[in-house]
Amino acid sequence: MQENYNFKHRHILGLEQMSADDICHVINTARSFKEVSARPIKKVPTLRGKTIVNFFFEPSTRTRLSFEIAAKRMSADTFNISASTSSATKGETLIDTARNLQAMNPDIIILRHSSSGAPHLLARNVQASIINAGDGTHEHPSQGLLDIMTIMEHKGSLAGLKIAIIGDIAHSRVAGSDIRGFTTLGAQVYLAGPKTFMPAAIEQMGAVVCEDVRDAVRDADVVMALRIQQERQNDSLIPSLREYAVCYGINDRLLQLAKDDVLVMHPGPINRGVEMNPDVADGARSVILDQVTNGVAVRMALLYLVLGGDKPGVEQGG
Amino acid sequence: MDGLIILKGGRVIDPVNGRDEVADLWVTDGKIVASQAETPADAKVIDATGCWVVPGLIDIHVHLREPGQEYKENVASGTQAAAAGGFTAVACMPNTTPVNDNGSVTRLILERAEGCAARVYPVGAISKGSKGESLADYAEMKEAGIVAVTDDGMPVVDSQLMRRAMEYAASHKLVVMSHSEEEALVRNGCMNEGLNSTRLGLRGIPAAAESIMVYREVALAELTGTHVHIAHVSCEDALAVIRLAKQRGVKVTAETAPHYFTLTDDAVLGYNTNAKMNPPLRSEKDREAIRAALADGTLDAIATDHAPHSVLEKELEFNYAANGITGLETSLSLTLELVRQGVITESRMVELMSAGPAGIIGVEGGQLGEGAVADITVIDPEMEYVFTAEASFSKGKNSPFNETKMKGRAIMTLVDGEVKYRL
Ligand SMILES: [Zn+2]
């Protein structure tokens, strides 16, 4: 990393906009914040007086909670607003709503929305920093960053690693961010899943698509399974969850093909017995709970960095 | 001669009469007349030196939004934009509110068009309400003044209904225009399917959604012997079907729009809703195929699919934003770019924007022969300017070409020998 490095992103819209230096800076910052969460008094004054709005158009308790904990540990004032996309499109538009919010002068708006690009639209129309907490089938950058942090903690770096991502790539914003982030840091990403789950021209984003799931998992350093939505059966993308589990579910036998020290990951929540067997999810190689812990640290780092912080001022304690 | 106008010293390009020469063009009583050696003292002389004098441009695919959505556009504003873009006539699509599926709506549109800056040729709906269920009253609409039928904006899903539409339209000497799209393959798609849709996380529409339907239309045209016209062709596969059909002698014509030979789906990056349209902007390979098809005759016309919307419909999440862009005032400049790049000749350009479109809907215009109606466009091919949506005559400001540097534009438009626009 360059010595006079400066994190220059006022918004976090996706990992597409982040260089390797940017990503490493976020992870380094997150590492210092992770220590805060281990203290008996888990609070620093860093963002005291700042207002952060959690603006969720889509239910996601896990992500919202993770951002909220991150904000509270930094002493920011947080507000949760939830709305349903369907009611919003009928009357007030996203921009109207955002401008109303803007009038209350928040410093950061964390947006979860079912439309890809909604955070970009917001960023063009309000003053606050926008953090994308998942948009449509596009990106979920904080999830991508926490995945990277988790892999780095165990493997040191991502350079040269073989990372397999199994499942519904086409509808996964986590995959969207992971593929970008992992390849930016020099990992080789292998994808497997039925063709109905593969987005067009995905190879051109630097990933290798495997027809046989075993080719993706063989010698992998990391195996990540993605959540399969029940409704994909009705969309005729898969015939049944059962058949999916048989063909692509991560079980011990499949994992035999991977490296001995393979990390098993999942963005959660897991459909146990569908995309992953329970013994694998809870097994020794699983780092799924580390992902959750790192999520708070990464989100603390993002809140801090978009407001212009350079060096985490955590040492003064709280 | 009363009210004689002489367009002096311009390059007259008139492919129908095989003309391309520097000459004077004489107009009187709304007609082109033979020029004489002597200039009468009372003649109004317009200097056209350095300019092209061509048959008035005709756009057979525009949305004027009246009746029903006048906040987006009306006949008056749309025809003003047409005249400013060099068009002397436009054919307007029936997806108004109410739909133009009966004689009274047709008559209303034509009443509104009286005294406007360009001729208006209404196109009637294929089916009542464009619902795709039962045929609209073609005879009544034809009597009122329609020149074609289409359910543009929506594909005719039922193949049997499309067959009947073609047969019935033939009985009334109407061309059937097809908005070719296989609905099930489009379902909630909002841009071209490919790397960019994957990068943006937007639902893609494969080119096959268009070519499948074009194949159906061509097959039905062959079955019924009717002339079918394929609207807004955007992809290589559809062109291949049309090319083959033409070789087989099927009565099929086709148009494309300037955005398909100018832009690719890269224009959508950044979730630019001003680049959202239907069919969507495609790949570079498709763009090249469109350019080749304009040159080789597979495509018969350039039409704009001028689709004005208010900012309310465009400043939204990409998947909720309305489809369509304005096009009347950028079409000529974008097409002139093809001429400068050597893709098509000047005369082919005039054919694609005037005689070709006139022939498809069977209206006057498209040529400058003696006795022809004096619908004329004067083009300065060298004039450089920056197009701004703000300065546009259209109520719609939804253009991906806003703030784009352009070269060449219409500086004067005459309809029936009357100056309707002068820069
Ligand atoms: Zn259409």
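The structure displayed is predicted, hence computed values, not measured ones.

K.L.:
What should I look at first to understand the overall build of chain A in this one?
P.N.:
Broken down by element type, chain A carries twelve helices and nine strands. Relative to the globule expectation of 20 Å for 318 residues, the C-alpha radius of gyration of chain A, 19 Å, shows essentially globular dimensions. Seen through its principal axes, chain A has C-alpha atoms that stretch 55 × 50 × 35 Å. Taking all 318 residues of chain A together, 58% fall into the buried category. Long-range pairs, those at least 24 residues apart, make up 75% of the contacts in chain A between residues at least 6 apart in sequence. Looking at chain A as shown, the accessible area adds up to about 13100 Å², and 48% of this sits on carbon and sulfur atoms. Within chain A, one finds 33 positive and 35 negative side-chain charges whose respective centroids are separated by 4 Å.

K.L.:
Would you mind showing me how to read the pattern of salt bridges here?
P.N.:
Where charged atoms of side chains with opposite charge meet at close range, the side chains can pair. With the rule as written, the count across this model stands at 40 salt bridges over all chains. Linking Arg282(B) and Glu210(B) is a salt bridge whose minimum nitrogen-to-oxygen distance equals 3.1 Å. Here Arg282(B), found in the loop between helix H9 (258-262) and helix H10 (284-296), pairs with Glu210(B), found in helix H7 (residues 208-224); they are 72 residues apart in sequence, far enough to count as distant. Overall, Arg282(B) belongs to the buried group, its relative accessible area being 3%. Residue class for Glu210(B) comes out buried when judged on its relative accessible area of 3%. Glu351(B) is the salt-bridge partner of Arg348(B), the closest N and O atoms lying 3.1 Å from each other. Taken together, the residues span about one helical turn, with Arg348(B) and Glu351(B) both in helix H13 (residues 346-361) at a distance of three residues. We classify Arg348(B) as buried; its relative accessible area is 15%. Several salt bridges share partner residues, and in doing so they unite Glu16(A), Glu139(A), Arg180(A) and Arg199(B) into one network.

K.L.:
Would you take a moment to explain empty space enclosed by the protein for this structure?
P.N.:
Picture a little ball the size of a water molecule; that probe, rolled over the atoms, points out where space is still empty. In this structure the tally under the stated criterion is four cavities of 30 Å³ or more. Approximately 60 Å³ is the volume found for the largest cavity.

K.L.:
Mind showing me how you'd approach the packing of aromatic side chains here?
P.N.:
A ring pair, where both rings are aromatic, is described by two values, the distance of the centres and the angle of the planes. For the structure on display, the rule yields six aromatic pairs over all chains. When the ring of Tyr138(B) is compared with that of Tyr168(B), the centres are 5.3 Å apart and the planes differ by 50°; the resulting orientation is tilted. Here Tyr138(B), found in helix H3 (residues 138-144), pairs with Tyr168(B), found in helix H4 (residues 159-171); they are 30 residues apart in sequence, far enough to count as distant. The exposure class assigned to Tyr138(B) is buried, which follows from its relative accessible area of 0%. What links up through ring pairs into an aromatic cluster is the set Phe197(A), Tyr244(A) and Tyr248(A).

Conventions used here
- The numbers attached to residues start from 1 for each chain and follow its sequence in the written order.
- For this description, chains carry letters from A and ligands carry numbers from 1, given in the order in which they are written.
- Owing to the predicted nature of the model, reporting of local features is limited to residues with pLDDT of at least 70; listing and counting of side-chain atom pairs is limited to 80 or more, with chain, interface and lining totals taken over all residues.
- Each side-chain value is worked out from all heavy atoms of the structure, with water and hydrogens disregarded.
- Think of it this way: any DSSP run of H or I at least four residues long counts as a helix, any run of E at least two long counts as a strand, and we number them from the N terminus.
- Here the globule rule is a power law, 2.2 Å times the number of residues to the power 0.38, and the radius of gyration is based on C-alpha atoms.
- Burial here depends on accessible area, computed with a 1.4 Å probe over protein chains only, as a share of the maximum for the residue type. Under 20% is buried, over 50% is exposed, and the range in between is partly exposed.
- The criterion used for residue contact is that any of the two residues' heavy atoms lie within 4.5 Å.
- Per-residue accessibility takes into account occlusion by the displayed protein chains alone, with areas from the Shrake-Rupley method and a 1.4 Å probe.
- Counted as positive: Lys and Arg. Counted as negative: Asp and Glu, with His and the chain ends omitted from the count.
- Think of each charge as sitting on NZ of Lys, CZ of Arg, CG of Asp or CD of Glu.
- Only one rule defines a salt bridge in this text: a Lys or Arg side-chain nitrogen within 4 Å of an Asp or Glu carboxyl oxygen.
- Points on a 1 Å grid over protein atoms alone make up a cavity when a 1.4 Å probe fits among them but cannot get out, and a pocket when they form an open set with protein on both sides within 12 Å along at least five of seven lines; lining residues each have an atom within 4 Å of a point.
- Grid points are joined across faces, edges and corners, and a volume is the space filled by probe spheres set on the points.
- Only centres within 6.5 Å qualify two rings of Phe, Tyr or Trp (six-membered ring in Trp) as a pair; their planes then separate them into stacked at under 30 degrees, edge-to-face at over 60, and tilted for everything else.

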